[in-house]
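Structural description and commentary
Read off the chains here:
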Amino acid sequence: MKSDSIADLRAEWWRRWWRQDYSWNGLANIRVAGWFLTPDDQFTRNRRQVGGTRPATLQDIWREEEHRLETAPNGQEYTRVHTPLVWQDGSPAKSAWMWEEQDAIDRSIDAALKRFPKELPVSTERSGGKPPRFLSYTTAPGLPMDGAILDVLPDIWLSEACIKGQRLYLGEGRLRGRALKNLHLRRVFVDDDFALAGVTEGMDLRLSSGVVAGAMTFANIDAGRLQCARLTCADAVSAEAITCPGGVSFNGDDFRDEVQFDGITTRQLTLEESRIADDLRISNVQGDLSLESVKIGGALSVSGFEGEQLEGDYMSVERDADFSLVKTGLSTSFTETRWGRALSFAEATLSMPMFHGAEFGGKVGFDDVTFQNLVSFARAHFQGPADFRNVIWEGVGGDHEGAFKETRFDSFVDFRGIAFTAFSAFNGAMFKGEIRFDRDLVTNDRRMIPIIRAADTDEERLGLEHGFRALKQAAEGVRDRYLEQALFRYELVSRRQQTTTPSVERSLSWLFGLCSNYGASFRRPVAAALALWAFGACVYFGLAAMTGTESLQYSVTPAWPHRAWIEAANLSSRSMVNLFGIWNLKPLGSGEPTSVAQAMEYALLRDSPGFALATRLISSVQSFLAGVLLFLVALAARRRFQIN
């Protein structure tokens, strides 16, 4: 498949070359952009230098070749530099030349170099924080080798400091030399491996819109800037030991095999909108890294990276990806990325990590990661397990609001060992699997309640409420009742702290927490019930004493007052156990009371209509409260023993 594809590109390249017409007559119609020819046959950049100056053409450059042209079967004539490998009818041309004829190309290029002005490369900034500027093909120095067919690279051409050409054919492309400063090749076709190495004083090195039928190697380069744009390479690509303060970019390329970068020192390494059929390995990069819109068919490995920015928006990786130990100082962005399999950021330090809309297809590991500044996984989708163990994530209370908003977790999530209490980050998150927290963290009321109360605004408190609710629903889904209960408490406390919550609801919530710790405490409602019983007994005794009934005070004098206390406690017990039974209380007897029970009944229910109504109302309230407390006891028992 790869050979067929390169064969198609080769055939298309030759079709365009023939269409451009680089014959001797065709050269007269191809202008040399940026250059003009004076009447005395001198090249100049200034079109107004003298009268009669006209645009220069390729034929003007190769004028010395006019008397030694090669003739094609169809009668067209070509310079030795522009003679194709085979003619259009398929008969051999340059491909059948002997070494002597190949050496003649050196003489032709030498003559053109002597005729064409030798410009020095334009100096560009390489220090002071200012990147060098790119020279266009028009302004770049060097002899224009447009349309040249070089099956063997001429020595005379490789000795030049400035090499440029478009629609150029290279049988092999091994460029080595300390003297090379500027390289600008456009629409080049390299029919073998391409190698650029040993450049120590380069300024502007650029390849664009070309095809390399073999491998491509860049090594031991010290230049201002290196750019490869819209290239197609059939074999592996390697870039090692490169120093380019102005940037190293491989944008819009189509690499059919693996790609490796090692030992890159630059302002920014970019591979934006490139397609890589196999693995991509990046190691020991000093500078920023941009992988925006890169499509990787294999695995991705980034190691030894330390830079301010790491960007990979809209990137997709089909296999495993590893960013372990990377460090960013300013921002980390992976918006709308697609990760086919496992992804690891283990022990990385990520500043402002943004994973908006990311799709994680396998296990995701953020274990021992340090998150700095804002963090966002909004609208992300975790299809596999997510590991956030021992993450260092600064923030409390309402910080990081919505960091996991509309994020979907299809499998379990592990947050154990995380130093993080900004639970508003989970506002809007959706969990289908188990969520794991350290129990001593999320069930420690003494630690969590002050954090909730420390939220400054209602917006932060609302974010906390929704965050706790999302986590509670996750715990409920996996029947983790203990965690569910704790998160439910914090949800209600967060809601109670909001000033927009109605006062009645806030009061009831406060009582619910006070009496039962929001359904989690068994002791509190039992203690409250005992207190209610004792309070009721005191009220009934006091009401009876306030009546002044002589029968209560004198007819049972030997029993007063302790027998009266017993009967008051008994009435309080009946009010709590026999709910609203005071309204159906049967009389103990008629006439004058002869016992303490009858005297108490007479004093509270028969002696005075006002006291009778008050007693019945108080007993009703006591019955209602006793029913509520009984429900809270049952609720606590159910939750304590995990009864469904």
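Owing to the predicted nature of the structure, the values given are computational and were not obtained by experimental measurement. (Residues numbered from 1 in each chain as written. Predicted model: local features only at pLDDT ≥ 70, side-chain atom pairs only at ≥ 80, totals over all residues. Heavy atoms only, no water.)

1. Describing the overall build of the protein chain
Using the following cut-off: Only DSSP runs of H or I reaching four residues or more are called helices, and only runs of E reaching two or more are called strands; each is numbered from the N terminus. Relative accessibility thresholds used throughout: buried, under 20% of the residue-type maximum; exposed, over 50%; partly exposed, between the two (1.4 Å probe, protein chains only). By definition, residues are in contact when any of their heavy atoms lie within 4.5 Å. Accessible surface area values rest on a Shrake-Rupley calculation with a 1.4 Å probe, where residue burial reflects the displayed protein chains alone.
When helices and strands are tallied, the protein chain shows 15 helices and 45 strands. Going through the 644 residues of the protein chain one by one, you find that 52% of them count as buried. Here the contacts in the protein chain between residues at least 6 apart in sequence split such that 36% fall between residues at least 24 apart. Surface accessibility of the protein chain: about 29000 Å² in total, with carbon and sulfur atoms responsible for 51%.

2. Examining the pattern of salt bridges
Quick note on the threshold: Each salt bridge in this description consists of a side-chain nitrogen of Lys or Arg and a carboxyl oxygen of Asp or Glu lying within 4 Å of one another.
Counting across every chain of the model gives 22 salt bridges. For the salt bridge of Glu65 with Arg80, the shortest nitrogen-to-oxygen distance reads 3.4 Å. With Glu65 in the loop between helix H3 (58-61) and strand E4 (70-71) and Arg80 in the loop between strand E5 (77-78) and helix H4 (99-115), this pair connects stretches of sequence that are 15 residues apart. In this structure, Asp414 and Arg389 form a salt bridge, with 4.0 Å as the shortest nitrogen-oxygen distance. Of this pair, Asp414 sits in strand E42 (residues 413-414) while Arg389 sits in the loop between strand E39 (386-387) and strand E40 (392-396), and the two are 25 residues apart along the sequence. On the basis of relative accessible area, Asp414 is assigned to the buried category, the value being 2%.

3. Comments concerning the sheet that holds strand E2 (residues 43-44)
Applicable threshold: We treat two strands as partners when DSSP finds at least two bridges between them.
Across the sheet, 3 strands lie side by side as E2-E1-E3; this open sheet has antiparallel pairing. Lying at the two open borders of the sheet, with one neighbouring strand each, are E2 and strand E3 (54-57). Strand direction decides the pairing type here: strand E1 (residues 31-37) and E3, joined by 3 bridges, are antiparallel. By the bridge assignment, Leu37 is partnered in E3 with Arg54.

4. A few points about the packing of helix H9 (residues 481-496) against helix H10 (residues 503-516)
For clarity, the cut-off: Here an axis means a line fitted to C-alpha atoms, over the contact stretch when the element is a helix, while the angle between two N-to-C directions is reported on a 0 to 180 degree scale. Each crossing is labelled by how the near helix is turned from the far one, with a counterclockwise turn of less than a right angle marking it left-handed and a clockwise turn marking it right-handed. For this classification, the nonpolar set comprises Ala, Val, Leu, Ile, Met, Phe, Trp, Tyr, Cys and Pro, the charged set comprises Asp, Glu, Lys and Arg, and every other residue, Gly included, is treated as polar.
Remark: H9 packs on H10, axes separated minimally by 10 Å, with the N-to-C direction vectors making an angle of 145 degrees. Of the two elements, H9 crosses H10, and the hand of that crossing is left-handed. Contact residues: Phe488, Leu492, Arg495 and Arg496 in H9; Glu505, Arg506, Ser509, Trp510 and Phe512 in H10. Among the residues making up the contact of H9 with H10, the classes are represented as 4 nonpolar, 1 polar and 4 charged.

5. Notes on empty space enclosed by the protein
Cut-off, in case you're wondering: Here a cavity means grid points, on a 1 Å grid over the protein atoms only, where a 1.4 Å probe fits yet cannot get out; a pocket means an open set of points with protein on both sides within 12 Å along at least five of seven lines; lining residues are those with an atom within 4 Å of a point. Grid points are joined across faces, edges and corners, and a volume is the space filled by probe spheres set on the points.
Using the criterion set out here, one finds 2 cavities of 30 Å³ or more in the structure. Lining the second largest cavity are Leu135, Ala140, Pro141, Ile163, Asn182, Leu183, His184, Asp204 and Arg206. Looking at the lining of the second largest cavity, the elements that each hand over two or more residues are strand E11 (182-186) and strand E14 (204-208). Counting residues per element, the lining of the second largest cavity draws most heavily on E11, which supplies 3 residues. Taken together, the residues of the lining of the second largest cavity break down into 5 nonpolar, 2 polar and 2 charged.

6. Observations concerning helix H7 (residues 445-453)
To keep it simple, the criterion reads: The arc in question is formed by the directions pointing from the helix axis toward the C-beta atoms.
Looking at H7, one finds that the buried residues are Met448, Ile449, Ile451 and Ile452. Within H7, the buried residues cover an arc of 160 degrees as seen down the axis, which keeps them to one side. Of the exposed residues in H7, those oriented more than 90 degrees away from the buried face are Arg446 and Arg453.

7. Thoughts on the confidence of the model for the protein chain
Our working definition: pLDDT expresses how confident the predictor is about each individual residue, on a scale running from 0 to 100.
Mean pLDDT over the protein chain: 82, with 84% of residues reaching 70 or higher. Below a pLDDT of 50 lies the segment residues 588-594, which in the model reaches 11 contacts outside its immediate sequence neighbourhood of four places, other chains included.

8. What about the nonpolar core?
As a reminder of what qualifies: By nonpolar core we mean a set of buried residues, namely Ala, Val, Leu, Ile, Met, Phe, Trp, Tyr and Cys, connected to one another through side-chain atoms within 4.5 Å.
Counting residues in each nonpolar core, the largest one holds 141 residues, and the members touching the most others are Phe218, Leu300, Phe323, Trp339, Phe366, Phe388 and Phe404. The residues contacting Leu300, other than those within four sequence positions of it, are Leu280, Leu291, Met315, Val317, Asp320, Ala321, Asp322, Phe323 and Trp339. Leu532, Met576, Leu629 and Leu632 belong to the second largest nonpolar core, which has 5 residues in total.

9. What to know about H10
As a reminder, the rule being used: To estimate the expected span of a helix, subtract one from its residue number and multiply by 1.5 Å.
In this model, H10 (14 residues) spans 20 Å end to end at C-alpha, consistent with the 20 Å of a helix rising 1.5 Å per residue. Among all positions of H10, only Ser509, Gly513 and Ser516 are buried. Projection of H10 onto a plane perpendicular to its axis shows the buried side chains occupying an angular sector of 105 degrees, all on one side. Exposed residues pointing more than 90 degrees away from the buried face of H10 are listed as Ser503, Val504 and Leu508. Just downstream of H10 lies Asn517, where phi reads positive at about 50 degrees.

10. Focus on unusual backbone geometry
Of note in the backbone geometry, Asp41 takes a positive phi value of approximately 65 degrees without being a glycine. Among the secondary structure elements, Asp41 is positioned in the loop between E1 and E2.

11. Things to note about the packing of H7 against H9
Stated formally: With respect to orientation, any angle under 35 degrees is reported as roughly parallel, any angle over 145 as roughly antiparallel, any angle of 65 to 115 as roughly perpendicular, and every other angle as oblique.
Closest axis-to-axis distance for the H7/H9 pair is 10 Å, and the angle between their directions is 30 degrees. Considering the angle they form, H7 stands roughly parallel to H9. Seen along the crossing, H7 lies across H9 with a hand that is right-handed. Where H7 approaches H9, its residues Asp445, Met448, Ile449, Ile452 and Arg453 are matched on the opposing element by Arg489, Tyr490, Val493, Ser494 and Arg496. Residues belonging to the contact of H7 with H9 are distributed by class as follows: 5 nonpolar, 1 polar and 4 charged.

12. Some remarks on the packing of aromatic side chains
The following threshold applies: Two rings belonging to Phe, Tyr or Trp (six-membered ring only in the last case) form a pair when the distance between their centres is within 6.5 Å. Interplanar angles under 30 degrees mark stacking, angles over 60 mark edge-to-face geometry, and anything in between is tilted.
Within the structure shown, the criterion is met by 46 aromatic pairs. With 4.4 Å between their ring centres and 20 degrees between their planes, Phe360 and Phe382 make a pair best called stacked. Of this pair, Phe360 sits in strand E35 (residues 359-360) while Phe382 sits in strand E38 (residues 381-382), and the two are 22 residues apart along the sequence. Pair check on accessibility: Phe360 and Phe382 agree, each one buried. Arranged with centres 5.8 Å apart and planes meeting at 85 degrees, the rings of Phe377 and Phe388 form a pair that is edge-to-face. Of the two residues, Phe377 is situated in the loop between strand E37 (370-372) and E38 and Phe388 in the loop between E39 and E40; the sequence distance between them amounts to 11 residues.

13. Considering the side chain of Thr53
Residue position: Thr53 is located in the loop between E2 and E3. On the accessibility criterion, Thr53 (17% relative accessible area) is buried. Residues within four places of Thr53 in sequence aside, it is in contact with Phe36, Leu37, Thr38, Pro39, Thr44, Asn46 and Arg47.

14. So, a nonpolar patch on the surface
Where we set the bar: Exposure above 30% relative accessible area and the lack of any salt bridge qualify a residue for a patch; like charges then connect within 9 Å, and the nonpolar side chains Val, Leu, Ile, Met, Phe, Trp and Tyr within 5 Å.
On the surface, a nonpolar cluster with roughly 520 Å² of combined accessible area is contributed by Val504, Leu508, Trp510, Leu511 and Leu514. Here Trp510 shows up in helix H10. Given a relative accessible area of 47%, Trp510 falls into the partly exposed group.

15. A word on the pairing of E14
Burial analysis of E14 places 5 of its 5 residues in the buried class, which makes it a mostly covered element. Direction of pairing for E11 relative to E14: parallel, over a ladder of 5 bridges. Looking at E14, one finds that Leu183 is bridged to Leu205. In this sheet, strand E17 (residues 225-229) lies alongside E14 in parallel orientation, the contact comprising 5 bridges.

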